[in-house]
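Here are the chains, one letter per residue:
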Number of protein chains: 8
Amino acid sequence: MSDERTADLGFARVDLERADRTGDPEVVYGAGKTPEQVAEILSTLHERHPDRAVLATRLSTEAMAAAAAVGAEVHTVARAATLGPLPATTGRVGILSAGTSDAPVAAEAALTVRVHGAEAVEIRDVGVAGLHRLLAVRDRLDEADVLVVVAGMEGALPSVVGGLVGTPVIACPTSVGYGASFGGLAALLGMLNSCAPGVTVVNIDNGYGAGVAAARIARAVGRQA
Amino acid sequence: MSDERTADLGFARVDLERADRTGDPEVVYGAGKTPEQVAEILSTLHERHPDRAVLATRLSTEAMAAAAAVGAEVHTVARAATLGPLPATTGRVGILSAGTSDAPVAAEAALTVRVHGAEAVEIRDVGVAGLHRLLAVRDRLDEADVLVVVAGMEGALPSVVGGLVGTPVIACPTSVGYGASFGGLAALLGMLNSCAPGVTVVNIDNGYGAGVAAARIARAVGRQA
Amino acid sequence: MSDERTADLGFARVDLERADRTGDPEVVYGAGKTPEQVAEILSTLHERHPDRAVLATRLSTEAMAAAAAVGAEVHTVARAATLGPLPATTGRVGILSAGTSDAPVAAEAALTVRVHGAEAVEIRDVGVAGLHRLLAVRDRLDEADVLVVVAGMEGALPSVVGGLVGTPVIACPTSVGYGASFGGLAALLGMLNSCAPGVTVVNIDNGYGAGVAAARIARAVGRQA
Amino acid sequence: MSDERTADLGFARVDLERADRTGDPEVVYGAGKTPEQVAEILSTLHERHPDRAVLATRLSTEAMAAAAAVGAEVHTVARAATLGPLPATTGRVGILSAGTSDAPVAAEAALTVRVHGAEAVEIRDVGVAGLHRLLAVRDRLDEADVLVVVAGMEGALPSVVGGLVGTPVIACPTSVGYGASFGGLAALLGMLNSCAPGVTVVNIDNGYGAGVAAARIARAVGRQA
Amino acid sequence: MSDERTADLGFARVDLERADRTGDPEVVYGAGKTPEQVAEILSTLHERHPDRAVLATRLSTEAMAAAAAVGAEVHTVARAATLGPLPATTGRVGILSAGTSDAPVAAEAALTVRVHGAEAVEIRDVGVAGLHRLLAVRDRLDEADVLVVVAGMEGALPSVVGGLVGTPVIACPTSVGYGASFGGLAALLGMLNSCAPGVTVVNIDNGYGAGVAAARIARAVGRQA
Amino acid sequence: MSDERTADLGFARVDLERADRTGDPEVVYGAGKTPEQVAEILSTLHERHPDRAVLATRLSTEAMAAAAAVGAEVHTVARAATLGPLPATTGRVGILSAGTSDAPVAAEAALTVRVHGAEAVEIRDVGVAGLHRLLAVRDRLDEADVLVVVAGMEGALPSVVGGLVGTPVIACPTSVGYGASFGGLAALLGMLNSCAPGVTVVNIDNGYGAGVAAARIARAVGRQA
Amino acid sequence: MSDERTADLGFARVDLERADRTGDPEVVYGAGKTPEQVAEILSTLHERHPDRAVLATRLSTEAMAAAAAVGAEVHTVARAATLGPLPATTGRVGILSAGTSDAPVAAEAALTVRVHGAEAVEIRDVGVAGLHRLLAVRDRLDEADVLVVVAGMEGALPSVVGGLVGTPVIACPTSVGYGASFGGLAALLGMLNSCAPGVTVVNIDNGYGAGVAAARIARAVGRQA
Amino acid sequence: MSDERTADLGFARVDLERADRTGDPEVVYGAGKTPEQVAEILSTLHERHPDRAVLATRLSTEAMAAAAAVGAEVHTVARAATLGPLPATTGRVGILSAGTSDAPVAAEAALTVRVHGAEAVEIRDVGVAGLHRLLAVRDRLDEADVLVVVAGMEGALPSVVGGLVGTPVIACPTSVGYGASFGGLAALLGMLNSCAPGVTVVNIDNGYGAGVAAARIARAVGRQA
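About the cut-offs
Each chain carries its own residue numbering, running from 1 in the written order of its sequence. Naming scheme: in the order in which they are written, chains are lettered from A and ligands are numbered from 1. Since the coordinates come from a predicted model, pLDDT governs what is reported: local features require at least 70, and pairs of side-chain atoms require 80 or more to be given and counted, while whole-chain, interface and lining totals use all residues. In computing side-chain properties, one takes all heavy atoms of the structure into account and sets aside hydrogens as well as water. Aromatic rings from Phe, Tyr and Trp, with only the six-membered ring used for Trp, were paired whenever their centres fell within 6.5 Å, and each pair was classed as stacked if the ring planes differed by under 30 degrees, edge-to-face if by over 60, and tilted otherwise. Secondary structure elements follow DSSP: runs of H or I of four or more residues count as helices, runs of E of two or more count as strands, with numbering from the N terminus. Definition used: whenever NZ (Lys) or CZ (Arg) falls within 6 Å of the ring centre and also within 35 degrees of the ring normal, the charge is taken to sit over that ring. For this analysis, residues touch if any pair of their heavy atoms sits within 4.5 Å. Each of two parts loses accessible area, computed with a 1.4 Å probe, when they are put together; buried area is these two losses added. Residue polarity is assigned by list, with Asp, Glu, Lys and Arg as charged and Ala, Val, Leu, Ile, Met, Phe, Trp, Tyr, Cys and Pro as nonpolar; anything else, Gly included, falls into the polar class. With a 1.4 Å probe rolled over the protein chains alone, any residue whose accessible area is under 20% of its type maximum counts as buried; one over 50% counts as exposed, and the rest are partly exposed. Strands were regarded as paired on the criterion that DSSP finds at least two bridges between them. When the strands point away from the viewer, a crossover counts as right-handed if the path from the first strand over the helix to the second runs clockwise. Source of the domain bounds: an automatic or database domain assignment. Take a side-chain nitrogen of Lys or Arg and a carboxyl oxygen of Asp or Glu: if they are within 4 Å of each other, that pair is a salt bridge. To obtain an axis, a line is fitted to C-alpha atoms, over the contacting stretch when the element is a helix, and the angle between two such axes runs from 0 to 180 degrees between their N-to-C directions. When the near helix sits turned anticlockwise from the far one by under a right angle, the crossing is termed left-handed; a clockwise turn instead gives a right-handed crossing. Scored from 0 to 100, pLDDT records how confident the predictor is in each individual residue.

Per an unreviewed UniProt entry, chain A goes by the name Nickel pincer cofactor biosynthesis protein LarB and belongs to Nocardioides piscis.

A. Quick peek at the packing of aromatic side chains. Applying the stated criterion across every chain yields a total of eight aromatic pairs over all chains. Ring geometry for B:Tyr178 against D:Tyr29: centres 6.4 Å apart, planes inclined by 25 degrees, an arrangement best described as stacked. Within this pair, whereas B:Tyr178 is found in the loop between β10 (169-173) and α8 (185-192), its partner D:Tyr29 is found in strand β3 (residues 27-29), the two belonging to separate chains. The residue whose ring lies beneath D:Arg58 is B:Tyr178, and the NZ or CZ to ring-centre distance is 4.1 Å.

B. Quick look at the interface of chain C and chain B. Each side of the interface is counted separately: chain C has 22 residues, and chain B has 23 residues. In this assembly, chain C packs against chain B so that about 2000 Å² is buried in total across both faces, 72% of it on carbon and sulfur atoms. Looking only at chain C, the three residues that lose the most surface to chain B are C:Ala129, C:Glu154 and C:Asn193, adding up to 30% of its buried area. Breaking the side of chain C that touches chain B down by element, the ones donating at least two residues are α5 (131-136), α7 (157-164) and α8 (185-192) of chain C. If one sorts the elements of the side of chain C that touches chain B by residue count, α8(C) sits on top with four residues. For the side of chain C that touches chain B, the per-class residue count stands at 15 nonpolar, six polar and one charged.

C. A look at the environment of E:Asp145. Mapped onto the fold, E:Asp145 is located in the loop between α6 (138-141) and β9 (146-151). Counting along the chain gives 43 residues from E:Asp145 to E:Asp102, while the straight-line C-alpha distance between them is 22 Å.

D. Representation of the pairing of strand β9 (residues 146-151) of chain A. Residues and elements named next belong to chain A. The element β9 is extensively covered by neighbouring structure, given that six of its six residues are classed as buried. Residue alternation in β9 divides its side chains into two sets, Val 146, Val 148 and Val 150 and Leu 147, Val 149 and Ala 151, and both sets are buried. As judged from the five bridges shared by strand β7 (residues 92-97) and β9, these two strands associate in the parallel manner. For Val 93, the partnering residue across the bridge sits in β9 and is Val 146. Two strands pair when backbone bridges link them, and β9 and strand β10 (residues 169-173) are joined in this way by five bridges, in the parallel orientation. Counterpart to Val 149 in the pairing with β10 is Ala 171. Taken together, β9, helix α7 (residues 157-164) and β10 form a β-α-β motif whose crossover is right-handed.

E. Quick peek at the domain arrangement of chain A. Residue and element names in this part refer to chain A. Each assigned domain of chain A is listed with its residue range as follows: domain 1 (6-83) and domain 2 (92-224). Residue-level contacts link 13 residues of domain 1 with 14 residues of domain 2. When domain 1 packs against domain 2, close to 1100 Å² is buried across both sides, 63% of that on carbon and sulfur atoms. Joining domain 1 to domain 2, the criterion identifies one salt bridge. In this structure, the salt-bridge partner of Glu 108 is Arg 58, at a minimum N-O distance of 4.0 Å. Those elements giving two or more residues to the side of domain 1 that touches domain 2 turn out to be β4 (54-57) and β6 (80-83). In terms of residue class, the side of domain 1 that touches domain 2 is made up of seven nonpolar, four polar and two charged.

F. View of the packing of helix α2 (residues 35-48) of chain E against helix α3 (residues 61-69) of chain E. Residues and elements named next belong to chain E. It is at 8 Å that the axes of α2 and α3 come closest, and there the two elements cross at 35 degrees. Crossing of α2 against α3: the hand is right-handed. Contacts from Pro 35, Val 38, Ala 39 and Leu 42 in α2 reach Glu 62, Ala 63, Ala 66 and Ala 67 in α3. A breakdown of the residues in the contact of α2 with α3 according to their chemical character gives seven nonpolar, no polar and one charged.

G. Geometry of unusual backbone geometry. Even without glycine at this site, D:Arg79 takes up a positive phi of about 50 degrees. For G:Met153, which is not glycine, the phi torsion reads 50 degrees and is therefore positive. By the element assignment, G:Met153 lies in the loop between β9 (146-151) and α7 (157-164). Judged by relative accessible area, which is 29%, G:Met153 ranks as partly exposed.

H. Quick peek at the pairing of β7(A). Residue and element names in this part refer to chain A. In terms of residue burial, β7 counts as a mostly covered element, since five of its six residues are buried. Direction of pairing for β7 relative to strand β8 (residues 119-123): parallel, over a ladder of five bridges. The residue bridging Arg 92 from the neighbouring strand is Glu 119, located in β8. Crossover handedness for the path β7 to helix α4 (residues 103-115) to β8: right-handed.

I. Expanded view of the pattern of salt bridges. Applying the stated criterion to the full structure yields 44 salt bridges over all chains. Between E:Glu119 and E:Arg92 there is a salt bridge, with the nearest N and O atoms lying 3.0 Å from each other. Pair noted here: E:Glu119 is in strand β8 (residues 119-123) and E:Arg92 is in strand β7 (residues 92-97), with a separation of 27 residues, a long-range link. Of the residues examined, E:Glu119 reaches a relative accessible area of 24% and is grouped as partly exposed. Note that H:Glu26 is salt-bridged to H:Arg52, the shortest N-O span being 3.4 Å. Linking H:Glu26 in the loop between α1 (18-22) and β3 (27-29) with H:Arg52 in the loop between α2 (35-48) and β4 (54-57), this pair joins segments that are 26 residues apart in sequence. Judged by its relative accessible area of 4%, H:Glu26 is buried.

J. View of the confidence of the model for chain A. Overall, the prediction assigns chain A a mean pLDDT of 91, with 89% of residues at 70 or greater. The ipTM, which scores confidence in the relative placement of chains, is 0.92 for this predicted complex, and the corresponding pTM is 0.95.

K. Local environment of the environment of G:Gly30. You can see G:Gly30 is positioned in the loop between β3 (27-29) and α2 (35-48). In contact with G:Gly30, other than residues within four places in its own chain, are G:Val38, G:Thr57, G:Arg58 and G:Leu59.

L. Layout of the sheet that holds strand β6 (residues 80-83) of chain F. All names here are of chain F. Here we have four strands laid out as an open sheet, ordered β3-β4-β6-β5, and mixed in their pairing. Where the open sheet ends on each side, the last strands, each with one partner, are β3 (27-29) and β5 (73-75). On average, each strand axis in the sheet is tilted by 20 degrees relative to the strand beside it, whichever way the strands run. Where β3 and strand β4 (residues 54-57) come together, three bridges link them in parallel fashion. What sits directly across from Val 28, in β4, is Ala 56. Taken strand by strand, helix α4 (residues 103-115) contacts β4, β5 and β6, and its axis lies near 165 degrees from that of β4.

The following block contains the structure:
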């Protein structure tokens, strides 16, 4: 059953008015979907709204290829793809990541921010065990309207960053680690218990969610990029 | 050792320049402190900065009395006290709570928002099991620059609210519940796994942290109250 | 050792009088069984009771093929198969699911209901983050004698549904999610702590168990379909 | 703010139309409320609806006394009170409990059933370690439209009962136990993993929730008591 | 470095006097070892003690083949192999299992008992959801000197058995189950919290450990088989 | 309702034939019972069976006094009482404990063994951090038919003991510890994962259960004391 | 039974040669002991070894008074007491603590270090949310032979310190926090997952253990104080 | 962006001054890196500092081959590689392991110690279930400046070792085990709760971290090898 508001692809009913309701773009969550399904949903959404980008996340290598085959731009590190023109940006989000292994989650956050209409600036490899790296970029932190801080293992980076700035900080734990990291639980608990006030937290590896929240704040704050 | 920047009360070294660094007011975390200690820190901070409010949270009944005795205004439901004039407000924070038992955490969040320079509007008893109550206040949600959503038990309210608005949503789980709520863990996990994108989460019962984060966003967004 | 009451297939002793004792049909739990074993048990049970359906659940793609080869009807989404004529139905079960990924569990529940002698009506994609979809089907909820509500992630849907109706509600959490969903634990805890009174819960991904419980209630209530 | 639909007592907004919406009576959850608050809510609700009972649960000894002082009937074992005439009953609920220590939860379930309009029959001390006691009451199990099974420790009773009957079974774990019972977690997990199909589960110590669910089923099944 | 007491195979130092110290046979734990390593250790131990059996457990299909190639007898269900003559038996161990999926653990327990010098009698498919099956073999329980009870899911069988007999009962939880069974945790907790006094418990899936403990008791009790 | 087989005291139905069925004495679990209830049950059971002992465990100081007042012998360290003549003993149980704080659990185990008809020999303060103490009593370990090993904190003692003897070993974890002992969980997990084969485990602080299991084994082994 | 090596006080057997064996002083763990017992053990140990200090930890206010009454020096913040002359020191231990609430654990660590023969230097209130405080004492970190780092909440301090120095770092988590700190679990996991190599960890609130480990290292390194 | 202090390889920014800052060598953490990436980082670091060794850990078989191809020495058991000359050694670290399966973690610790400038002496197969093996090497324990103790399952070895020596002991739990070992959690908790004072702990399977900590201590203690 397809109508104006939804497109029924058999395996999924695609909501075509989401962007109107919330101001956010359409997003395809790729986990558990076949490459063909990802490509078909991307195409369907793009046809309805050719003037704005559709985002697909958590893509396998095969799904990235299928997305490319229907004209999408592939973002390899973020394991994501976009189809359609990106929006103009309002506001700026700084995205800090602690270690090299956190890169995919940080990249997903950055791409999500961009697709949701804010500028994304990535600052990488500023883990707390090498404090000089963070202090070296201290000034750049103040240039952002909101910060996303991505870290695995003990997840200490948001506490240190949160103590340096008055900017809103969104902490994103990753599953990077082993043993007693318990799949990111250690980082998650660390961030929830941050001694720096004003830090809020999203689910483990949820770069997308961190990006949506940050973009909403950046757009509201409204520095024109 | 006391100097210009800190006041050493013996049992605590009080940081007197915190407000200058971060734009946030001084805060006394009352848990584990005697009523006398709470009163003394409040007084010391107030003397240094008589022109702005000091906030004390997590106060026992006795600590609230001791705070009142040194001139502080006591906020019984929030189990908190303030000493000194409240700042002018910029931006507005809506604070929704699910049930009557969530009131203390919601009140702590609201007071924190106000002390941190934003307007706080509380909307109570809008738990998801009586959806008509939430839908009845639907329009008021859009009047806020950011929403704090406080809930215990299954913690479902942020997901429902997050699906209705494009505003940033900060979810605050409470320890209200019993048995398999495991002291608020069920609500915390529920909020972290919210199917509504853009919801961020703070620690269990952390109304203060939710308030700080919300106030920072509201002030940045900057609608003059 | 085979007798009138059991059939010993070597790898399993099949109970042939279960239906007489409980009023429920024979069921083959396919997980951990080879395609050949599934097919052989289906055939054996069907030969003894050709007049009523046998249900096989949790089938691999190979096991579904093997079941089809012995004449069974395959239900792909539910990953299940039935062999023999379905019973007449008494009572009606409404089966709500939150998201597309919950479809296999919802389909298993629906098929189980049907095989256990009640009518099953599926209502899909009514997750709480898009409340208008649930409210649009509000009237259909009252047409069921009992509701099965299937959801992963934060598992909030049963609370919302339980607040709308006076009908018995059986909540079925799914393992859909990642990170702090901990394989469905978040949804399970959310449902156990539902603020809507009268919600009962089954194991994670246990569409079969939810279906059995719902069918028993629907048959007892006894509206003839 | 009080109106026709709610009564605002300052510390709580009492919903006066709940019974009309759901068919269930008003209930006061006593945990965390003062004896005075319990008594006042009971009185207020009774004045509005003098023709039907109000139920108060989880009462301290002092709250039970305060309830008695405003005319309520106190149910000591259930730690509950009712004010107003009980409704006529439709359908019958059997409530089994494993050990003596499970009595308060079983009594809360039984009283809830009765207040919600169904007959409640308690069968006590039928724990699985003394199977002869359960088998001795085997016939009485079939006389109920639905069974509530209350057990702590390993929570095995619902599995045994569920294998004996085709009646819907609602399992209610209790926090009875010590050490690795982890406050009822062992019983909860045991019941969720029951090998008897058709068993559904409520939160630990949630006799009230089990009673509401059972009464709804019993009323729907509709054997006139 | 090899000497009279140990044989150094490079990848493992094999203790050749263990049987003398404890009265137990040599055992090779196959998990994590290559088929070649399993075969080599079996052969080495057998050469030193050709007059008594060596046991290898937790074997892959390939390791079972490699064991067979050096003359060992393979026990497929138990995923184990023995090399050398089995000892005479003293005492009798009854091994009960709840469901078909528990068979490998029960078989490992039975073989371990036999290799450790006691008679093993298996009783299968006596899960608590079909109590008549257990009651039908009631008399056979008394013929054993000690009982091993193997069950997954809710792990209720040891409680029921422990209430029927005065014999020592060793409960062995299995990882059979899904969702909230958490890999056998539910069964483990159920058994540890058994309301039947005198039940002791081993690790999840530890049929070997249950067999060693049972054989020691049976040999001590000493009924000649 | 009282009859020949049970005595109904209002708050409990006392099973008077348990000893006949299982060979074990009557036991009153004192936790959650008032001193008066403990005394009354002790007296009732004693009157019916004046020729054998009744055991009451987990007694408060007040309950021990009440038990003494009806003629029971009080065992202060074990927090238990016995009323009636102790049985003759068959077999011997060695009870080892690691530290001073483990004494109450070890004493409960020893008294339970004695009341259940076996000799109990306690060996105290042989924790693994002072190995010389354990090695000094090495010979005494072999004099027991079965060993109960009581330890808190890391629970390592059963592994060390289990490596020294071929005797059955029952490990009893205690809640002695703090922080990451998590109420005895660390000791429990340690014992379940013992690298010494043949160790079985009971619930945390369950000296009674360990004693029952050990006495049954000792009586079966049957060395006349 | 008392001899040269032990003193049997009835409630405890005191090991009088521990210091000779390990080079560490005698220590009385006060938790769970009466004030009288603490005082008696202190006195007994002091009489045997009047030339060196005895340490008592985890003392209640009453036990501190009892210790003072037998001549011990009381250390209020550490909740500890010492009796007898402190040893000369070798090596230096730096003890950093994050917040005011961590003071008791840090003080216990410092006193333990001192009693075990090393110099202890405390550096307080250097939590990561105010990085300038830590950086201000950067030079003092290098003056220690080993560092003990005490922190609750998210436990991030050891990672930051571990990235600044090449000195051995012992991390001690505290139970300071609430909600998802789970009694210190968050800090413990954070420290175990530290991204700074070379950090080792002790149990939650175990200032004593951290102190013993640090003193052993400092003494071995051997800078004469 | 590459400069004097870092080398930007595209997929990673390599810190070239780490050794100068901390005295530790460069280390490549191989998990999650391709064989080509491992080889490239090894080569780059070696070119900058040809006079000292670079260490790569957690290598797949393919990564070990790629490392060998660029001239690195491969350490198969440790799953690691080194490139460049090893440093002279100061101090000695004893590395004890409990069972054969713990060998890879122990080997990683030993290699890390050696690369970090201390002598490493391995003592294998001294698990607590065969105490004679540990006691046979008792004298060798005193020859080390610090001990690393590696064990899985119940993790009891550090407690036994810690009771024998006054040397600093670093405990390293491994994930060896199954069922209720929960991936090494049982061993980790056992070690954190050790009754032997002075034991510190690292993350599960973190032989590298144990090695770094031990080498720092050994170098500081400074016995010239």
